[in-house]
Amino acid sequence: VKAVLEEKYLGDIITSDGNHTENIKKRRSKCLGLTVDLVNLLIILCLGKHYFKVAMILRQAMLFSVMLTNAETWLRLSSKDMERLESVDRMFLRKILSTSSKTPKPALYLELGAVPIRYIIKAKRILFLHYILKCNSSEMIYKFLLAQIDKPAKNDWILQIKEDLKLFELDYLSFANIKLMKKEEFRALLKIKCKQVTFTSLMSEK
């Protein structure tokens, strides 16, 4: 049997070492062109006072749908990988605000009430945890999660989730508590915590 170090699955390249660099480079390349298209679309639509509101909707619905597909499964992104993703997002924010590259990063997010990608990825992971916990106990993905909870190994997904829950100050919830919460209820709580953590971090950086 031939040994392979990487394999393409559902559009992503899965590597033996869990590295996401190639996937992120491809996502970044696609999104660079997309940001230009979105800005041109905003100009053509002549949205007036609704310009920024629509821009943020497009950011969420179109830019992130390309950039962050399957991001809830990503583990241990390097600082370079995260910078590759966030640099594209900041480029889009700078274009819609018509600011220079010297504008402080926190100012971009604070002015638009936007959440940096690093926190969006963490929130997606936590929502994915809730989804798995709600799965039937006979499903493979549920059994896989239980195995990681029971005997976690270095760099396991469950360890990353625990770090994310702690960052969002949700580590007081047990997995049993999370499982009992309705999707809408849990999503609303996570959204509040994500905004609080983001605002505190951005103000500190500012």
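The preceding data block contains the structure.
Remember, it's a predicted structure, so these values are computed and weren't measured experimentally.

This part is about the packing of aromatic side chains. Taken as a whole, this structure holds 3 aromatic pairs when the rule is applied. Ring geometry for Phe128 versus Tyr131: centroids 6.0 Å apart, planes at 10 degrees, classification stacked. Here the residue Phe128 and the residue Tyr131 both occupy positions in helix H5 (residues 117–134), the gap between them amounting to 3 residues, near one helical turn. Among the aromatic residues, ring-to-ring pairing joins Phe128, Tyr131 and Trp157 into one connected group.

Listed in full, the buried residues belonging to helix H4 (residues 105–112) are Pro106, Leu108, Tyr109 and Leu112. On an axial view of H4, the arc spanned by its buried residues comes to 160 degrees, and they lie on one face. Buried residues in H4 make contact with helix H2 (51–67), helix H3 (79–97) and helix H9 (183–205). Following H4 by one or two positions, Gly113 has its phi on the positive side, about 65 degrees.

What follows deals with the environment of Asp164. On the secondary structure map, Asp164 appears in helix H7 (residues 157–167). Through-space distance from the C-alpha of Asp164 to that of Met82 is 16 Å; in sequence the pair is 82 residues apart. Apart from the residues within four sequence positions on either side, Asp164 is in contact with Lys122, Arg125 and Ile126. A polar side-chain atom of Asp164 sits 3.3 Å from a polar atom in the side chain of Lys122.

How each quantity is defined
Residues numbered from 1 in each chain as written. Predicted model: local features only at pLDDT ≥ 70, side-chain atom pairs only at ≥ 80, totals over all residues. Heavy atoms only, no water. Phe/Tyr/Trp six-rings, centres within 6.5 Å; stacked < 30°, edge-to-face > 60°. Helix = DSSP H or I, 4+ residues; strand = E, 2+ residues; numbered from the N terminus. Buried < 20%, exposed > 50% of the residue type's maximum accessible area, 1.4 Å probe, protein only. Arc of directions from axis to C-beta. Contact = heavy atoms within 4.5 Å. Polar contact = N/O pair within 3.5 Å; in protein donor to acceptor, adjacent residues only side chain to side chain.

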